[in-house]
Amino acid sequence: MSEQTNPQPTAAPRIDDDPAAMDVVPTDAVRADSSTSGEVQARVNEDPAAMDVVPTTLGDPSGPSKGRVTLVHLYPREMSIYGDLGNTRCLEARLRWHGYEPNVVSHNPGDELPDGIHLVVGGGGQDSGQARVEADLERIGPRLVSMAEDGVPMLMICGMYQLFGKAFRTVEGETLPGLGILDVTTQGNAKRMIGPVVLSTEFGDVVGYENHSGSTVLGDGQRAFGDVRSGFGNNGEDGKEGARTHNVIGSYLHGPILPSNPKLADFLIAVAAERATGRPFEPGEIDDHLADEARARQVARLTKKN
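These numbers come from a predicted model, not from an experiment.

A. Broad picture of the overall build of the protein chain. Of regular secondary structure, the protein chain possesses 7 helices and 15 strands. Here the protein chain, with 306 residues, has 54% of them falling under the buried criterion. Restricting the contact set of the protein chain to residue pairs at least 6 apart, pairs at least 24 apart contribute 70%. For the protein chain, the accessible surface area stands at approximately 13,700 Å², while carbon and sulfur atoms represent 49% of it.

B. Expanded view of helix H7 (residues 289-303). With 15 residues, H7 extends 21 Å between its outermost C-alpha atoms, agreeing within 8% with the 21 Å of an ideal straight helix rising 1.5 Å per residue. For H7, the complete set of buried residues consists of Ala-291, Arg-295, Val-299, Leu-302 and Thr-303. Buried positions in H7, seen along its axis, are confined to an arc of 85° and lie on one side of it. Away from the buried face of H7 by more than 90 degrees, exposed residues Leu-290, Arg-297 and Arg-301 are located. Looking at the buried side of H7, the elements it contacts are strand E9 (191-201), strand E10 (204-212), strand E12 (226-230), helix H5 (257-260) and helix H6 (262-277).

C. Representation of the pairing of strand E3 (residues 101-107). A large share of E3 lies buried, amounting to 5 of its 7 residues. Regarding topology, helix H2 (residues 85-97) serves as the crossover connection from strand E2 (residues 68-74) to the parallel E3, and that connection is right-handed.

D. Expanded view of the sheet that holds strand E15 (residues 248-251). One open sheet accounts for 6 strands, arranged E3-E2-E4-E5-E15-E14; its pairing is mixed. The open sheet is flanked by E3 and strand E14 (243-245), the only strands paired with a single partner. Pairs of neighbouring strands in the sheet enclose a mean axial angle of 15°, with direction left out of account. Taken together, the 3 bridges between strand E4 (residues 119-122) and strand E5 (residues 154-157) define a ladder with parallel strand orientation. Bridge pairing in E5 links Val-121 to Leu-155. Helix-sheet contacts for H6 involve E2, E4, E5, E14 and E15, and the interaxial angle to E2 is about 125°.

E. Quick look at the packing of H2 against H6. It is the contact of H2 with H6, at a shortest axis distance of 10 Å, that shows an interaxial angle of 70°. Between H2 and H6, the angle falls in the class roughly perpendicular. Contact with H2, carried on its side by Cys-90, Leu-91, Arg-94 and Leu-95, involves Pro-262, Ala-265, Asp-266 and Ile-269 of H6 and no other residues of that element. Taken together, the residues of the contact of H2 with H6 break down into 6 nonpolar, no polar and 2 charged.

F. Here's a closer look at the confidence of the model for the protein chain. Residues with a pLDDT of 70 or more make up 79% of the protein chain, whose mean pLDDT is 84. A low-confidence stretch, residues 1-6 stays under pLDDT 50, and its non-local contacts, those more than four residues away or across chains, total 17 contacts. Taken together, the stretch residues 8-44 has pLDDT below 50 and engages in 50 contacts with residues farther than four places along the chain or on a different chain.

G. Focus on the pattern of salt bridges. For the structure shown, the criterion picks out 16 salt bridges. The shortest N-O distance in the salt bridge between Arg-94 and Asp-288 comes to 2.9 Å. Within this pair, whereas Arg-94 is found in helix H2, its partner Asp-288 is found in the loop between H6 and H7, the two being separated by 194 residues in sequence. Of the two residues examined, Arg-94 and Asp-288, each falls in the buried class. For Asp-227, the salt bridge goes to Lys-240, with nearest N and O atoms at 2.6 Å. Placement of Asp-227 in strand E12 and of Lys-240 in strand E13 (residues 240-241) is noted, with a sequence separation of 13 residues between them. Assessed through its relative accessible area of 35%, Asp-227 is described here as partly exposed. The exposure class assigned to Lys-240 is partly exposed, which follows from its relative accessible area of 30%. One continuous salt-bridge network, built from bridges that share partners, spans Arg-89, Glu-92 and Arg-96.

H. Focus on the environment of Glu-92. Following the sequence through the fold, Glu-92 ends up in helix H2. Expressed as a C-alpha distance, the spacing of Glu-92 and Pro-102, which sit 10 residues apart in the sequence, is 5.8 Å.

I. Quick look at the packing of aromatic side chains. Tallied over the entire structure, the rule returns 4 aromatic pairs. Ring centres 5.9 Å apart and planes at 20° place the aromatic pair Tyr-100 and Phe-281 in the stacked group. Remark: Phe-281 occurs in the loop between H6 and H7 and Tyr-100 occurs in the loop between H2 and E3; sequence separation between them is 181 residues. Assigned by exposure class, Tyr-100 and Phe-281 land together as buried.

Rules of the game
Residues numbered from 1 in each chain as written. Predicted model: local features only at pLDDT ≥ 70, side-chain atom pairs only at ≥ 80, totals over all residues. Heavy atoms only, no water. Helix = DSSP H or I, 4+ residues; strand = E, 2+ residues; numbered from the N terminus. Buried < 20%, exposed > 50% of the residue type's maximum accessible area, 1.4 Å probe, protein only. Contact = heavy atoms within 4.5 Å. Areas by Shrake-Rupley, 256 points an atom, 1.4 Å probe, with all protein chains shown as cover. Expected span 1.5 Å × (residues − 1). Arc of directions from axis to C-beta. Right-handed = clockwise from strand over helix to strand, strands pointing away. Pairing = 2+ DSSP bridges. Axes fitted to C-alpha atoms, helices over the stretch in contact; angles between N-to-C directions. Parallel < 35°, antiparallel > 145°, perpendicular 65-115°, else oblique. Nonpolar A, V, L, I, M, F, W, Y, C, P; charged D, E, K, R; others polar. pLDDT = per-residue confidence, 0-100. Salt bridge = Lys/Arg side-chain N within 4 Å of Asp/Glu carboxyl O. Phe/Tyr/Trp six-rings, centres within 6.5 Å; stacked < 30°, edge-to-face > 60°.

As structure tokens, this is what we get:
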């Protein structure tokens with residue numbers, strides 16, 4: 001195994017210096033024909049629903065459905081600014097390729113969670129986005145905690161990973177209480193940890209891209225999602241990345257993470273499908289050779305010894 005590679009953190013861009021730092025990154029859900037991210041942000045301001053997860057026909061299978069799986073994406077408007085909607089798109093498509101019917105639901109502040117949730121995902125956002133969802137997350141928190149304890153699979157990326165922990169302390173000193181599903185605590189910093197990442201996990205090598213100023217520390221006995229082979233991970237010091245409790249996985253990895261790591265996606269799908277149907281997961285045949293080759297090349301490039 002190659003030694004962990006930790007580049008130096010870079011200074012966080014100041015919003016006063018670069019207003020575009022707050023712009024929303026376009027995804028499938030924002031069909032932008034503009035050439036500037038500022039115009040995209042203006043469109044989202046006029047129509048916040050543009051960031052909702054709109055069901056698509058990605059991966060339409062032939063033949064009868066093996067069952068209906070309900071997937072909830074938490075706060076797509078506030079907490080999906082780094083392309084994390086791609087995780088929902090990936091799960092939606094792979095569910096269809098495996099022969100299941102995905103029921104994709106966007107949860108925004110004030111909405112009621114549907115019954116019969118089988119899979120939950122959440123993404124990254126600015127500190128301001130975390131503050132905007134804090135009250136609603138507290139409201140629905142007890143149900144999320146109960147679902148997590150019951151084994152519902154969940155994938156929380158970056159900002160939502162932090163809010164699923166015990167607490168997030170901003171650079172300004174404000175403390176945002178978390179749900180405590182994951183025994184982690186995060187401290188905001190003036191410098192960011194940015195760059196490609198390679199992890200060793202139970203799902204094999206996992207690759208992604210991190211961009212966070214929060215420094216996260218695992219509590220005693222808290223299981224990490226993976227061991228860092230290249231990149232910063234939770235804090236750039238302890239060689240750990242993310243956290244896992246039951247079937248809840250928290251991670252800083254964008255990319256988005258799931259299209260690049262199909263085994264991780266299918267783990268979440270398998271657990272969700274079994275809960276939805278009451279039967280063992282029945283996988284379809286999916287050709288993942290391009291994703292596997294791309295991941296292998298990234299692992300080789302980032303972990304080779306100088």
